[in-house]
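So the chains spell out like this:
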Amino acid sequence: MINNFQEIIRRAVAIIEDDFTELWLIVVVIEEENPGLDFDNLIEVTKKVVRELATNHQITLVDEKTEKSLELSVDEIVNAVERRLKELGKIPNIGDGIWFTSNKNKRS
Amino acid sequence: MSNTDKTRLVDILPQVQENPAVAGFPEGCMFVNYQGSLYINPAVWQIAGGLAPIMAGGELPEISTGGSSLISRTRGNYLPETLDSILRPNGSLVGKPGSDFNIREMPGGLKAAQDYWDRLVSNGAKPINNSTYNGTFMELPNGGTIGFRTHMTNSPNTAVTIDVHIPNLFQGKLKFNK
């Protein structure tokens, strides 16, 4: 059960379309709309949010070295997020990686 | 203020507090008379050079330039500048809301961002080195973290982004625009 799913998506899209955004900030938005989520549920909710962002809102990941958007499938994006969260074993923080961008404002 | 001015700083402190510019301090600089001692932000110390001769004359009870206490001017009183007062002056988040209320648009570019960063880290922040963060990354005494970066942005108007992750206070970005 996800509270305010559409609001999470609306906010995440706005933030990511504005500028490169690291995973921790998307998790902050999810937590603000779903206070008290435990970590396991947070992973599942984050995966659903990221899948929606990648499927319907042209959101993808950024290569941190080149600062270019990566051409990845939806599954590859979701798997990268899940893998990182499980590696961390904690709520992501600044510097924990996984950067999002929107292909709507893709740099040439 | 001249070098021959023998006025004790403690005596002129009310004047300094009333009008920092008159006493050689720029408006908005930070200092305090803390339990009889004067603590000056080291960054401001150079500005306070006009006061040094007085201090050297032994007229002051105690001077510390190493203190990390930063003080903000609030309605004539001088109170320790807290993270809360830096990020939420007058109870509202700094800057203007951007694409989300967690994204704050700030004016002033690089210089303003550096000044703001100095205030955030002035109360005992410690660098975090074991991170892939592409910028300066620090942990605050309250457990929060902040980052200063000029990379990983595709906003052409953004000179610096300060990432702030302080639960129960502010979690978002401060985007300092050119």
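Residues numbered from 1 in each chain as written. Chains lettered and ligands numbered in written order. Predicted model: local features only at pLDDT ≥ 70, side-chain atom pairs only at ≥ 80, totals over all residues.

A.B. asks: How should I be thinking about the overall build of chain A in this particular structure?
C.D. replies: Helix and strand counts for chain A stand at 4 helices and 3 strands. Helices and strands in chain A line up, N terminus first, as α-β-α-α-β-α-β. For 108 residues, the compact-globule estimate of 2.2 N^0.38 gives 13 Å, and chain A sits close to it at 13 Å. By sequence separation, contacts in chain A at least 24 residues apart represent 66% of the contacts at least 6 residues apart. (Helix = DSSP H or I, 4+ residues; strand = E, 2+ residues; numbered from the N terminus. Rg over C-alpha atoms; globule rule 2.2 N^0.38 Å. Contact = placed C-beta atoms within 7 Å.)

A.B. asks: Mind showing me how you'd approach the sheet that holds strand S3 (residues 99-102) of chain A here?
C.D. replies: Backbone hydrogen bonds hold the strands of a sheet together, and the pairing may be parallel or antiparallel. Residue and element names in this part refer to chain A. Ordered in space as S1-S3-S2, the 3 strands form an open sheet in which the pairing is antiparallel. For this open sheet the edge positions go to strand S1 (21-22) and strand S2 (59-61), each flanked by a neighbour on one side alone. Where S2 lies against S3, 3 bridges are found, and the strand directions are antiparallel. Among the inter-strand pairings, Ile 59 is bridged to a residue of S3, identified as Ser 102. Against the sheet, helix H1 (residues 5-18) touches S1, S2 and S3, its axis set at about 85° to S3. (Pairing = 2+ DSSP bridges. Axes fitted to C-alpha atoms, helices over the stretch in contact; angles between N-to-C directions.)

A.B. asks: What's the story with the packing of H1 of chain A against helix H3 (residues 39-56) of chain A in this structure? I'm lost.
C.D. replies: Describing two packed helices takes the angle between their axes plus the distance from one axis to the other. Residues and elements named next belong to chain A. Where H1 contacts H3, the axes come no closer than 10 Å and their chain directions differ by 60°. Relative to H3, H1 is oriented oblique. For the pair H1 and H3, the crossing hand works out as right-handed. Taken together, the residues of H3 that come into contact with H1 (itself represented by Ile 8, Ile 9, Ala 12 and Val 13) are Val 49, Glu 52 and Leu 53. (Parallel < 35°, antiparallel > 145°, perpendicular 65-115°, else oblique. Left-handed = near helix turned anticlockwise from the far one by under 90°.)

A.B. asks: Just to check I follow, could you spell out the packing of H1 of chain A against helix H2 (residues 23-33) of chain A for this structure?
C.D. replies: Residue and element names in this part refer to chain A. The contact between H1 and H2 brings their axes to 10 Å, and the two run at 155°. In terms of their interaxial angle, H1 and H2 are classed as roughly antiparallel. Of the two elements, H1 crosses H2, and the hand of that crossing is right-handed. For the pair H1 and H2, the contacting residues are Glu 7, Ile 8, Arg 11, Ala 12 and Ile 15 in the first and Leu 25, Ile 26, Val 29, Ile 30 and Glu 33 in the second. Of the residues contributing to the contact of H1 with H2, the split by class is 7 nonpolar, no polar and 3 charged. (Nonpolar A, V, L, I, M, F, W, Y, C, P; charged D, E, K, R; others polar.)

A.B. asks: Explanation requested: the sheet that holds strand S6 (residues 96-97) of chain B in the structure shown.
C.D. replies: Read across the open sheet, the 7 strands follow the order S6-S7-S12-S11-S10-S9-S8 (chain B); overall the sheet is mixed. Both outer strands of the open sheet, S6 and strand S8 (126-127) of chain B, are each paired with one neighbouring strand and no more.

A.B. asks: Explanation requested: the interface of chain A and chain B in the structure shown.
C.D. replies: For an interface, size is often stated in terms of accessible area lost upon the parts coming together. Listed per partner, the contact involves 19 residues of chain A and 21 residues of chain B. Counting residues per element, the ones that place at least two in the side of chain A that touches chain B are H1, H2 and S3 of chain A. Among the elements that line the side of chain A that touches chain B, the one with the most residues is H1 of chain A, at 4 residues. A breakdown of the residues in the side of chain A that touches chain B according to their chemical character gives 8 nonpolar, 5 polar and 6 charged.

A.B. asks: What's the story with the nonpolar core in this structure? I'm lost.
C.D. replies: In summary, soluble globular proteins display a tendency toward joint burial of nonpolar side chains. Of all hydrophobic cores here, the largest spans 33 residues; its most connected members are Ala 12, Ile 26 and Val 49 of chain A. Of all elements in the fold, only H1, H2, H3, S2 and helix H4 (74-88) of chain A reach the threshold of two or more residues within this core. No other element matches H2 of chain A, which puts 8 residues into this core. When residues no more than four places from it in sequence are discounted, the contact partners of Val 49 of chain A are Ile 8, Ile 9, Ala 12, Ile 26 and Ile 30 of chain A. Core analysis: the second largest hydrophobic core is formed by 14 residues, Ala 113, Val 160, Val 164 and Phe 170 of chain B among them. (Core = buried A, V, L, I, M, F, W, Y, C linked by C-beta atoms within 7 Å. Buried ≥ 20, exposed ≤ 12 C-beta atoms within 10 Å, placed from the backbone.)

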